[in-house]
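# Descriptive structure summary
What follows is each chain in one-letter form.
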Amino acid sequence: MIIPKPVSFVRGEGSLVFDGTVDVRPHDGPAESYRLTVDPRGVTIEAADAAGEFYARQTLRQLSGPDAFRAAPIGGPPTLPVCVVEDRPRFAWRGVMLDVARHFLPKPDLLRYVDLLAAHKFNVLHLHLTDDQGWRFESKRFPRLHEVGGWRPSSRYGDRRRGGQTNRPHGGYYTQDDLREVVAYAAQRHITVVPEIDVPGHSQAAIAAYPELGVQGGGVWTDWGVNPNVLKADESTVDFYRQVFDELLDVFPSEVVGLGGDEAEGGDGRFVRRIAQHLVRRGRRPHGWDEVLGVGPLPTGTVIASWRGEEAGLTALERGHDVVMCPEKHVYLDYRQSDREDEPIPVGTVLTWEDVYAYEPAAADRVLGAQANLWTEHLDSPRRLDYAAFPRLCAFAEVVWSPVPHTTPTSPDTPVSPVPSKSAPALRDVEEFRSRLAEHHLPRLDALGVEYRPLSGPRPWQMLPGVPGHPR
């Protein structure tokens, strides 16, 4: 009944009416691990560290039933099954990328998403703060970045090859104190916020604010797709961005800091290298999309996000880099969830929750972890974001937390083949997961108010008839 599934769940005889009292003790295990014991006498958590205790309490919350996920108690104390749960995460990086540049997500909704990630035991929120369509980070040194770059006069209506324009302004930005609050809120939930400012492409919002930065001028982009306009690679522009990144580092304590580097047609690789070197001098680790492997030698410690497939990630491993696997055909959650005609704004290839659940990162024993990405060109509200994210994000949470069965049995009741198949994903029991999802986890999402896509398809109000997509 637990998502993500623990390493071991042993059910005992009887139950306990839980009064909220928990005995917390140290646990001699790896980082983030825990043992949760429920017996008729009470609840004991043995945790390796504060994160382990936090994850144990999330499991305890799941065992307490859906009402434990409501904002306030509405019934009596929950009844817990007598059990022993042994658990630890599979990957050190269990991430979700959230694009707040294409469509701004107000701070209360961003904090809500931190809570949703924490409930699923994710530990990295990769925050995509800038793009052609918007700049969301307050810059006190260069205020036009957010004052001008934070707003666009209109947005593309549906897919760029078929749609029109909304003719409705859109924008917003986070103050530095807003983001410090988000970072602190996430840290309380053992989530690291990894910020990203994208260079040298995807920079039209910055160029609109300071035209001298770009190869060409122009306003904040109202289209989707790849913009050919990129930043100049001259020293003055690089120095401008060094100062912007310095402001970013003052707000975000994360060791890893994103510099983008993707889809920069005609961009100069020296720009990425110099920003990466600046981050290293400031004691941080650069993080870039896999295109940065082509810009020349990168500093030791650079983290590569392998998104165009997994081959670049394997190359990065050979070069000694840490790798986060996030291949678009497996974990891009803005992609359509079926080939039905009523799927709202159908873009990309079909990616069902079953497909996400079947994903097995390449070189799983060598990579830092994996990440699901939520690009928001077509996700213009928290309701649309919920629809795209869940329940696929529930499936991904189990992929990055729970071992595949041939690695470590997850339950004495789960049959495990003595001979692992050639495909580890085939050993994940989709029907067993579907049962847990429907019976236990979707009611938790209901209690949280998450407007997920039902397993049977979109609800009438989740459809967007007439808004064109571009399915592949």
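These numbers come from a predicted model, not from an experiment.

## Looking at unusual backbone geometry
In this structure, Pro4 follows Ile3 across a cis peptide bond, with omega equal to -5°. Along the polypeptide, Pro4 turns up in the segment before strand E1 (8-17). Note that the residue after Val199, namely Pro200, is joined by a cis bond; omega there is -10°. Locating Pro200 in the fold gives a position in the loop between strand E14 (192-199) and helix H5 (204-209). One non-glycine residue, His190, lies in positive phi territory at about 60°. Of the residues examined, His190 reaches a relative accessible area of 27% and is grouped as partly exposed. Its identity as a non-glycine residue notwithstanding, Ile345 has a phi of 40°, on the positive side. By secondary structure assignment, the location of Ile345 is in the loop between helix H9 (328-331) and strand E19 (347-348).

## Description of the UniProt feature "domain: Beta-hexosaminidase bacterial type N-terminal" (unreviewed entry) in the chain
Here, UniProt's "domain: Beta-hexosaminidase bacterial type N-terminal" (unreviewed entry) annotation points to residues 27-87. The span residues 27-87 is 23% helical and 34% strand by assignment, and the distance between its end C-alpha atoms comes to 11 Å.

## A look at the side chain of Arg444
When you line up the elements, Arg444 lands in helix H13 (residues 430-448). Salt bridges are absent for the buried Arg444, whose nearest opposite-charge side chain, Glu398, sits at 8.7 Å. Contact partners of Arg444, with chain neighbours within four places excluded, come to Met1, Ile3, Gln62, Pro66 and Phe69.

## Brief notes about the pairing of strand E15 (residues 256-260)
Within E15, 5 of the 5 residues are buried, which leaves the element mostly enclosed by the surrounding structure. Here E15 shows a buried face lined by Val256, Gly258 and Gly260 and a second buried face lined by Val257 and Leu259. Relative to E15, E14 runs parallel, the two sharing 2 bridges. Bridging from a neighbouring strand, Glu196 pairs with Gly258 of E15. Where E15 meets strand E16 (residues 285-289), 4 bridges bridge the pair, whose relative direction is parallel. In the sheet register, Val256 faces E16, and the bridge partner there is Arg285. The handedness of the E15 to E16 crossover, carried by helix H7 (residues 269-281), is right-handed.

What counts and how
- Residues numbered from 1 in each chain as written.
- Predicted model: local features only at pLDDT ≥ 70, side-chain atom pairs only at ≥ 80, totals over all residues.
- Heavy atoms only, no water.
- Helix = DSSP H or I, 4+ residues; strand = E, 2+ residues; numbered from the N terminus.
- Buried < 20%, exposed > 50% of the residue type's maximum accessible area, 1.4 Å probe, protein only.
- UniProt positions renumbered as here; feature names shortened; annotations may be inferred.
- Lys, Arg positive; Asp, Glu negative; His and termini not counted.
- Salt bridge = Lys/Arg side-chain N within 4 Å of Asp/Glu carboxyl O.
- Contact = heavy atoms within 4.5 Å.
- Pairing = 2+ DSSP bridges.
- Right-handed = clockwise from strand over helix to strand, strands pointing away.

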